[in-house]
Each structure stands twice: as structure tokens, then as C-alpha cells.
Amino acid sequence: MTLHWTHAATDGRARAGVLHTAHGEVPTPVFMPVGTAGTVKAMTADAVRSTGARMVLGNTYHLMLRPTAERVARLGGLHRFMDWHGPILTDSGGFQVMSLAGLRKMDEDGVTFQSHVDGSKHRLTPERSIEIQHLLGADVTMSFDECTPFPATHEQAASSMRLSMRWAARGRKAFVERPGHGLFGIVQGSTFEDLRAESVAALTGIGFEGYAIGGLAVGEGQEAMFATLDFTTPMLPTTHARYLMGVGKPADLLGAVRRGVDMFDCVIPTRSGRMGRAYTSRGQLNLRNARYAEDDRPLDPDCSCPACRNHSRAYIHHLLKCEEMLGPMLLSWHNIHYYQALMARMREAILAGRFEAEAALIEHDWTKDGEE
Ligand SMILES: [Zn+2]
């Protein structure tokens, strides 16, 4: 059977379900830590597993440049290469070509670009992106699309979205069906309701194993993102997983789950961790701040991760001051653990039919200890 999602409960518009993949089942809503270049930065695979994470994301753009998809395939695929035995979702490379690559030229067929690593020339087309993701061994393959920049005029957003829809159809043809594997289509159309509707119609006409909402978290702000979700998620089939790409902070996750999203990925917990920030049940902390120099409390009294169990805020502050590697490692570990605990808490609440009551508690607690 192909990769699919089954529904367990709906509460308001929030949904709980299970994603069934070749590498196991994933309860949703789910947050996928980002394993950019074959690693969730500053964490071992065992550490990632210990947070409760069941599924991670790999980046096509980074892996096609180094060590190349062909080399990963020869070494047994990305699961074996990075010691991750659970499901892996790979992005299509399109977003990072736009955000990271040097000189690039887009045409109807695809994108030619220069590697940000060594300036070498590469080309991605819908077919090549699908082939790379197949070589990596992705459980969830993403359609190759153009992430429409923000802001965009209606005309720009329409022509960009229609190109992505033509690429989605080509990707569907190129995708090799295998049990437990699937291809997701990506809804584009910026913040325009009519374009999002046209995009959903095009994608559901082609047919995918799941539907992602792309082109958000690109600078439009939380209010515009939620407004776009307000009209976009009700257009999507109730029978398939919905994935909001590149989102977000804890409050974004809560607001998007409330609006019917099932899957998320974001570099924020790990990137923020490397910069000295912790997301906790009581708000966001910046551990570089001198106020923590003698703060003997754990990062988060409600967290059971090793950073919170074994160390004080003062110790982590000290590590950051000394630029010790362990500081970013502990904060990445804690942040991923907190994100997993947050998703699990929301899932339990949906199953129990008390999502809004739990969301109100979570939101209230964020104001207790946060600085920003
Ligand atoms: Zn913790």
C-alpha cells in the first residue's frame, strides 16, 4: 500500500491522525526536525530519537551538492547513511535554490544554478528532483515547485503558481510508486484566495498522497499566514495529510494546528538553539543574557530532556559565554524535545476533544517566564 494518512479525531478544525509510511507510523500533528545535510545540526540520531521525534526532513539541495544523491544511494540510502530508521521527508530543492544558490536562471523546464559551496553549475528539473529524492530513499517526496517570493502581485503569484502546477504534473509522472512511499503536491498562490483555490483544484486533479501548503513563512507575518490558512485548509481533502512547510515558532504551530494542519518542519528550534535561545513551556529565553549567570533553575521545570534534568540555566549561560560546543548542543536538544512535547500535548487534547481549553493553557503559560 502506498503512503497514506488516516484520521483519528477532529476537534474544531484541529485534526489528529496517523501517517503510514515504509519506515513506520507517525502520529499527527507532527513536527519534523530538519536534518539539513544528513544531520539534525549538533545532535546525534539517538539524541533526536530520544526527544520523541518520529520523522525528520532532509534537504535535496544540500545533499545533491554534497555528498551527491548518487553517493548516498551507493552507501545504502539516506536512512542508513545518517542512522535514521524512521520516515524521512525530503524537500524538492526548489526553495533552497532560490534562497542559497548563486547565479540562477529559471525557464519552463527547470532551474540552472551555481552551487553556493564551490560555484559549480547544476540543474534541477521536476524529473531530476524526483529522481534525487528517490536516490536518497525518501518516504515522502515533495513536488518540485517555485516558492513564490513575498510580496508578489496577483499576476506574479498566478504565473509562478501555474508554473509550479505544470511542474507538479511532470513530477507525478516521474515518481516511481513503491509501497509506503508517496509524493506530496504543494499548494502555492501567495496570500490570494482565488489562486490558492486554483492551485488546490490543479493538485487534487492530478492526485497526491498528501498536500503541502507552500509559499508561507516567507516574510508575510503570522497574521497573513493564519489568514491564508483560514481559507486554504478548508479547500484541501479531509482524507489526506496537510503539511505547512517551514513553520515555525511554537505559537505558529499552535495556530496552524488549530486551522487544520497536520505536519510541520522548521530550522527554528535548532538554529535558535545554536544562537542561545530556548523555547519553553513558560516562554522564550535568551541564555546569553547576563540575568542567567547565577540562575540555578533548569531551562524549563516542566521538561524532562537531559539539558533540563541535569543542568542549570547558569551552566548553559556559562557554556555559551565560553563558546563551548555543549551549549548549542544542549539547547538544540531541549528545543527539539520541547517541540515534540508540544505536538504530543496538542494531539492528546484533540483526541480528548479539549483542544481549545488546552491551547488557552499553553498560551497562558508562555507569558510566565518569557523575555520576548
Ligand atoms: Zn528541556
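Preceding this section is the structure that the text describes.
Residues numbered from 1 in each chain as written. Predicted model: local features only at pLDDT ≥ 70, side-chain atom pairs only at ≥ 80, totals over all residues. Heavy atoms only, no water.

Draft legend 1. Broad picture of helix H7 (residues 154-174). The terminal C-alpha atoms of H7, which comprises 21 residues, lie 30 Å apart, in line with the 30 Å expected from a rise of 1.5 Å per residue. Those residues of H7 that sit buried are Ala157, Ala158, Ser160, Met161, Leu163, Ser164, Met165, Trp167, Ala168, Gly171 and Arg172. Close packing links the buried residues of H7 with strand S7 (104-106), strand S8 (111-114), helix H6 (126-136), strand S11 (182-187) and helix H8 (193-206). (Helix = DSSP H or I, 4+ residues; strand = E, 2+ residues; numbered from the N terminus. Expected span 1.5 Å × (residues − 1). Buried < 20%, exposed > 50% of the residue type's maximum accessible area, 1.4 Å probe, protein only. Contact = heavy atoms within 4.5 Å.)

Draft legend 2. Structural view of the packing of aromatic side chains. Scanning the model with the defined rule gives 5 aromatic pairs in all. Between phenylalanine 144 and tryptophan 167, the aromatic rings sit 4.9 Å apart at their centres with planes inclined by 25°, giving stacked as the arrangement. Here tryptophan 167 lies in helix H7 and phenylalanine 144 lies in the loop between strand S10 (140-142) and H7, a separation of 23 residues in the sequence. Of the two residues, phenylalanine 144 and tryptophan 167, neither departs from the other in class, the shared state being buried. One aromatic cluster in this structure is built from Phe31, Tyr279 and Tyr339. Residue placement shows arginine 259 over the ring face of phenylalanine 226; its charged tip is 4.0 Å from the ring centre. (Phe/Tyr/Trp six-rings, centres within 6.5 Å; stacked < 30°, edge-to-face > 60°. Lys NZ or Arg CZ within 6 Å of the ring centre and 35° of its normal.)

Draft legend 3. Highlighting the coordination of the zinc ion. The coordination sphere of the zinc ion, as far as protein atoms go, consists of Cys303 (SG), Cys305 (SG), Cys308 (SG) and His334 (ND1), spread over 2.1 to 2.3 Å. Between the donor residues of the zinc ion, the gaps in sequence give the motif C-x1-C-x2-C-x25-H. Given a relative accessible area of 12%, cysteine 303 falls into the buried group. (Donors = N, O, S within 2.8 Å, 3.2 Å for Na, K, Ca; no water.)

Draft legend 4. Representation of the sheet that holds S7 within the structure. Judged by pairing direction, the sheet is antiparallel, and its 3 strands sit side by side in the order S7-S8-S9 without closing on themselves. Where the open sheet ends on each side, the last strands, each with one partner, are S7 and strand S9 (121-124). Averaged over all pairs of adjacent strands, the angle between their axes in this sheet comes to 15°, without regard to strand direction. As judged from the 4 bridges shared by S8 and S9, these two strands associate in the antiparallel manner. When the bridges of S9 are listed, valine 111 appears paired with leucine 124. (Pairing = 2+ DSSP bridges. Axes fitted to C-alpha atoms, helices over the stretch in contact; angles between N-to-C directions.)

Draft legend 5. View of the pattern of salt bridges. For the structure shown, the criterion picks out 24 salt bridges. Where arginine 313 meets aspartate 295, a salt bridge forms, and the shortest distance between an N and an O atom there is 3.3 Å. In this pair, arginine 313 is assigned in helix H13 (residues 313-321) and aspartate 295 in the loop between strand S16 (283-286) and helix H12 (306-310), connecting sequence segments 18 residues apart. On the accessibility criterion, arginine 313 (2% relative accessible area) is buried. (Salt bridge = Lys/Arg side-chain N within 4 Å of Asp/Glu carboxyl O.)

Draft legend 6. Geometry of helix H10 (residues 250-258). Within H10, 7 of the 9 residues are buried, which leaves the element mostly enclosed by the surrounding structure. Of the residues making up H10, those classed as buried are Pro250, Asp252, Leu253, Leu254, Gly255, Ala256 and Val257. One or two steps after H10, the chain reaches glycine 260, where phi turns positive at roughly 95°.

What is shown is where atoms sit, not what they do.
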